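Here is what each chain is made of, one letter per residue.
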Amino acid sequence: MDPLVDGPRVRSDSMSSSASQGSRSKVLLRQRLSQLMTCIEDMSSDDEASEEVSRSLDEAFQLCGHYVPTDAFRLHMVTWNVATAEPPEDVTSLLQLDVQPPTDLYVIGLQEVNATPVRFISDLLAEDSWSHVFMDTLAPRGFVKVASVRMQGLLLLVFTKQTHLPFIRNIQTTYTRTGIFGYWGNKGGVSVRFSFYGHMVCFLNCHLAAHMNYALQRVDEFEYILETQDFDITDTPQVRDHKVVFCFGDLNFRIADHGLHFLRSSINSGRLNLLWNKDQLTMMKKKEPFLQEFEEGPLNFKPTYKFDRNSETYDTSGKKRKPAWTDRILWRIKPKTPPPEDEDDADEKASTSTDDGPDEYPLLVTQDKYTSDMSYGVSDHKPVIATFSLELRKCFDMPLVHVSPLGVWSADHDALLNYTIQEDFMSSTWDWIGLYKVGFKSASDYETFVWVREDELPETNEVIQVSVDKDEIPLLGGQYVLGYYSTNMQSIIGLSASFQILESKRAVMEGLVPENMNGLN
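About the criteria used
Residues numbered from 1 in each chain as written. Predicted model: local features only at pLDDT ≥ 70, side-chain atom pairs only at ≥ 80, totals over all residues. Heavy atoms only, no water. Helix = DSSP H or I, 4+ residues; strand = E, 2+ residues; numbered from the N terminus. Contact = heavy atoms within 4.5 Å. Areas by Shrake-Rupley, 256 points an atom, 1.4 Å probe, with all protein chains shown as cover. Pairing = 2+ DSSP bridges. Axes fitted to C-alpha atoms, helices over the stretch in contact; angles between N-to-C directions. Buried < 20%, exposed > 50% of the residue type's maximum accessible area, 1.4 Å probe, protein only. Salt bridge = Lys/Arg side-chain N within 4 Å of Asp/Glu carboxyl O. Core = buried A, V, L, I, M, F, W, Y, C linked by side-chain atoms within 4.5 Å. Polar contact = N/O pair within 3.5 Å; in protein donor to acceptor, adjacent residues only side chain to side chain. Phe/Tyr/Trp six-rings, centres within 6.5 Å; stacked < 30°, edge-to-face > 60°. Lys NZ or Arg CZ within 6 Å of the ring centre and 35° of its normal. Patch = residues over 30% accessible without salt bridge, like charges linked within 9 Å, V, L, I, M, F, W, Y side chains within 5 Å. Lys, Arg positive; Asp, Glu negative; His and termini not counted. Charge placed at Lys NZ, Arg CZ, Asp CG, Glu CD. Expected span 1.5 Å × (residues − 1). Arc of directions from axis to C-beta.

Visitor: What is the right way to look at the overall build of the protein in this model?
Guide: Counting its secondary structure elements, the protein contains twelve helices and 21 strands. Considering only contacts within the protein whose residues lie at least 6 apart along the sequence, 71% involve residues at least 24 apart. Taken as a whole, the protein presents about 25,000 Å² of accessible surface, with 50% of it coming from carbon and sulfur.

Shown next, in the form of structure tokens:
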């Protein structure tokens, strides 16, 4: 296995759309501090000086402040064209489970998941094998699947630490077909969008047209997906309306012009930089303005296509495909609203333009790692991994709903729980509260559930009590949590602390556990 190569950290932020804007802000900060010193030296009245100093300090600290958000979260992303293969038994290396600082979000995009008619129908009825292996690996470590979307061979999975569940809201998914004139889903894009502590983020997993000569078609498909995917969210109706967008997948861009011998020689000697200028995506970014809005870390890892299966040897078949960086991970910070072209336009647009002042809730994105994992050989592609630090100021830190168990729980008697709406939201009588065993895999992985009060919607801060029938409570007991699921938001928006359900006497009577005699089982 090749060591994972760390590239330089790449940083971008929601405060600016270019490095020059960041530089201008620093210049402005220095100007404010200079004004502060002038105030101290020139003001004759102490009171007048004090007021001016205070005002200048406030402005200076505001400028400093929007580059120092208060919380940091780690995002781990994987893209992998699995070429219809079944998943490997062990994906721990792919997920880097023991990395420090620990991961908060996992986003996994797969292409060419087995989608034969029989297999695809069976996967609609139950989770596919790839989803199972990731859930089985991540659930014991406290990660819950918050969303997934499938379009034939394209699969996108999002997992989060259980503690973040109440702060991931307004989850929506969509897909776009681009195969066979837009009627077939073997190519296209699937996406998941949600609010993360109030910040709008979107993840788009793509599989674009193949072959060397179709670079322009790939660009057209990418732009078409970005323009046509829409969501039922007022402030972020399209992909590029989100504060940060991650686009990734088998984008299928190749390395142009160079012959096979030169490509392999450059790769084997570690001179990857000789190939960068002929990478089609890099070339297209120079021509296409919409691509220039996307950032990507340096390609300091070997091209990830095409390999003989179960090996680290590039294609030795009769076709002898040229190696290429087909599998990529890009991201885009929403640019600031461009300034009006002339003063007349400025007057016309003043009432409707976006506020270009300091962002009260900034989001900084720093790429910490961009590499591939050569140890996996089930496919002719190698998986690509990227890790990011998301530094942000939370727009809120209180769950919409507080839910908790009351008293002792066991299957020997009915149990009670309380829930309270802590902040107004679009609740529904179709909302429900699930009982989850600690280590649950998704919102649907409940032991049982109860509907919320159905006669009327609750008032804010009203304490509501609900009964759970004893026949629905697990006989063997264990550690559990309660989760309030919002039908409108498609997510768990309130989660209790974990609590113990006691083993029921009925469990012994029904022979589910051995009877304890004289302290011995």
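Visitor: Explain the sheet that holds strand 15 (residues 415-421) here, please?
Guide: Two pairing modes exist for strands in a sheet, parallel and antiparallel, and in both the strands are linked by backbone hydrogen bonds. Read from one edge of the open sheet, three strands run 13-15-18, paired in antiparallel fashion. Looking at the sheet topology across the chains shown, the edges are occupied by strand 13 (401-406) and strand 18 (463-468). Each strand axis lies, on average, 25° off the axis of its neighbour in the sheet, ignoring direction. One ladder, built from six bridges, connects strand 13 with strand 15; its direction is antiparallel. In the strand pairing of strand 15, Leu406 is matched with Leu416.

Visitor: Honestly, the sheet that holds strand 1 (residues 10-13) in this entry has me stumped. Any pointers?
Guide: Strand order in this open sheet of seven strands is 1-11-12-2-3-5-4, and the pairing throughout is mixed. Each end of this open sheet is capped by a strand with a single partner; those strands are strand 1 and strand 4 (143-151). The average angle at which neighbouring strand axes cross in this sheet is 15°, direction not considered. Across nine bridges, strand 2 (residues 71-81) lies against strand 12 (residues 384-392) in antiparallel orientation. The residue bridging Thr79 from the neighbouring strand is Val384, located in strand 12. The sheet strands contacting helix 5 (residues 129-138) are strand 2, strand 3 (105-111), strand 4 and strand 5 (154-161), and the helix crosses strand 5 at an angle near 10°.

Visitor: When you look at the pairing of strand 10 (residues 327-333) in this model, what are you seeing that I'm missing?
Guide: Within a regular beta strand, the side chains point alternately toward one face of the sheet and then the other, so they alternate between its two faces. Extensive coverage of strand 10 is indicated by the burial of seven of its seven residues. What you see with strand 10 is no split at all: Asp327, Ile329, Trp331 and Ile333 on one side and Arg328, Leu330 and Arg332 on the other are buried throughout. Two strands pair when backbone bridges link them, and strand 9 (residues 244-250) and strand 10 are joined in this way by seven bridges, in the antiparallel orientation. By the bridge assignment, Val245 is partnered in strand 10 with Arg332.

Visitor: Can you walk me through the pattern of salt bridges in this structure?
Guide: Oppositely charged side chains can form a pair if their charged atoms are brought close together. Across all of its chains, the model carries 13 salt bridges by this definition. As a salt-bridge pair, Arg453 and Asp455 come within 3.6 Å of each other at their nearest N and O atoms. Here Glu462 makes a salt bridge to Arg453, at a shortest N to O gap of 2.9 Å. For Arg453, a relative accessible area of 21% corresponds to the partly exposed category. Taken together, the salt bridges that share partners define one network made up of Asp279, Glu296 and Arg328.

Visitor: Looking at this model, I keep getting lost on the environment of Leu299. Mind explaining?
Guide: As for its placement among the helices and strands, Leu299 is situated in the loop between helix 10 (289-292) and strand 10. Taking the C-alpha atoms as reference points, Leu299 and Trp325, 26 residues apart in sequence, are found 8.2 Å from one another.

Visitor: Would you mind showing me how to read the nonpolar core here?
Guide: Buried together is how nonpolar side chains tend to be arranged in soluble globular proteins. With 58 residues, the main nonpolar core has Phe203, Phe246 and Phe388 as its most contacted residues. Apart from residues lying up to four places away in sequence, Phe246 is in contact with Leu75, Met77, Cys202, Phe203, Leu204, Leu330, Trp331, Val365, Phe388 and Leu390. Within the second largest apolar cluster, 27 residues are counted, among which are Leu400, Tyr419, Val468 and Ile501.

Visitor: Teacher, can you tell me more about the side chain of Ser191 here?
Guide: Note that Ser191 resides in strand 7 (residues 184-196). Looking at Ser191, the relative accessible area reads 0%, which means it is buried. There is a polar contact of 2.7 Å between the side chain of Ser191 and the side chain of Gln229. Excluding its chain neighbours within four sequence positions, the residues that come into contact with Ser191 are Val149, Leu156, Gln172, Thr173, Thr174, Cys202, Phe203, Leu204, Gln229 and Phe231.

Visitor: I'm lost on the packing of aromatic side chains in this one. Help?
Guide: The geometry of two aromatic rings is summed up by the distance between their centres and the angle between their planes. In the structure shown here, the tally under the stated rule is 28 aromatic pairs. Taking the centre distance of 5.3 Å and the plane angle of 25° together, the rings of Phe73 and Tyr197 count as stacked. Taken together, the residues Phe73 in strand 2 and Tyr197 in the loop between strand 7 and strand 8 (199-207) connect sequence positions 124 residues apart. Neither residue differs from the other here; Phe73 and Tyr197 are each classed as buried. With 5.3 Å between their ring centres and 90° between their planes, Phe449 and Trp451 make a pair best called edge-to-face. Looking at Phe449, the relative accessible area reads 30%, which means it is partly exposed. Relative accessible area serves as the criterion here: at 41%, Trp451 is assigned to the partly exposed category. Taken together, the ring pairs in this structure connect Trp430, Trp432, Tyr436, Phe440, Tyr446, Phe449, Trp451 and Tyr485 into an aromatic cluster. Directly above the aromatic system of Phe396 lies the positively charged group of Arg169, at a separation of 3.9 Å from the ring centroid. Between the NZ or CZ atom of Lys382 and the centre of the ring of Phe307, over which it lies, the distance is 5.0 Å.

Visitor: Explain helix 5 here, please?
Guide: One turn of the α-helix equals 3.6 residues, which is why residues spaced by three or four share an orientation. Burial analysis of helix 5 places seven of its ten residues in the buried class, which makes it a mostly covered element. For helix 5, the full list of buried residues reads Trp130, Ser131, Val133, Phe134, Met135, Thr137 and Leu138. Against strand 2, helix 3 (92-95), strand 3, strand 4 and strand 5 lie the buried residues of helix 5. Where helix 5 begins, the side chain of Asp128 points an oxygen toward the backbone nitrogen of Trp130, at a separation of 3.0 Å.

Visitor: Which parts of the structure should I look at to understand a negative patch on the surface?
Guide: Where like charges cluster on the molecular surface, the negative patch consists of Glu423, Asp424, Glu456 and Glu459. Counting through the fold element by element, Asp424 comes out in the loop between strand 15 and strand 16 (432-437).

Visitor: Just checking my understanding: could you explain helix 6 (residues 215-228) for this structure?
Guide: Helix length check: helix 6, at 14 residues, gives a terminal C-alpha distance of 20 Å against a target of 20 Å (1.5 Å per residue), a fit within 8%. For helix 6, the full list of buried residues reads Ala215, Arg218, Val219, Glu221, Phe222, Ile225 and Leu226. On an axial view of helix 6, the arc spanned by its buried residues comes to 160°, and they lie on one face.

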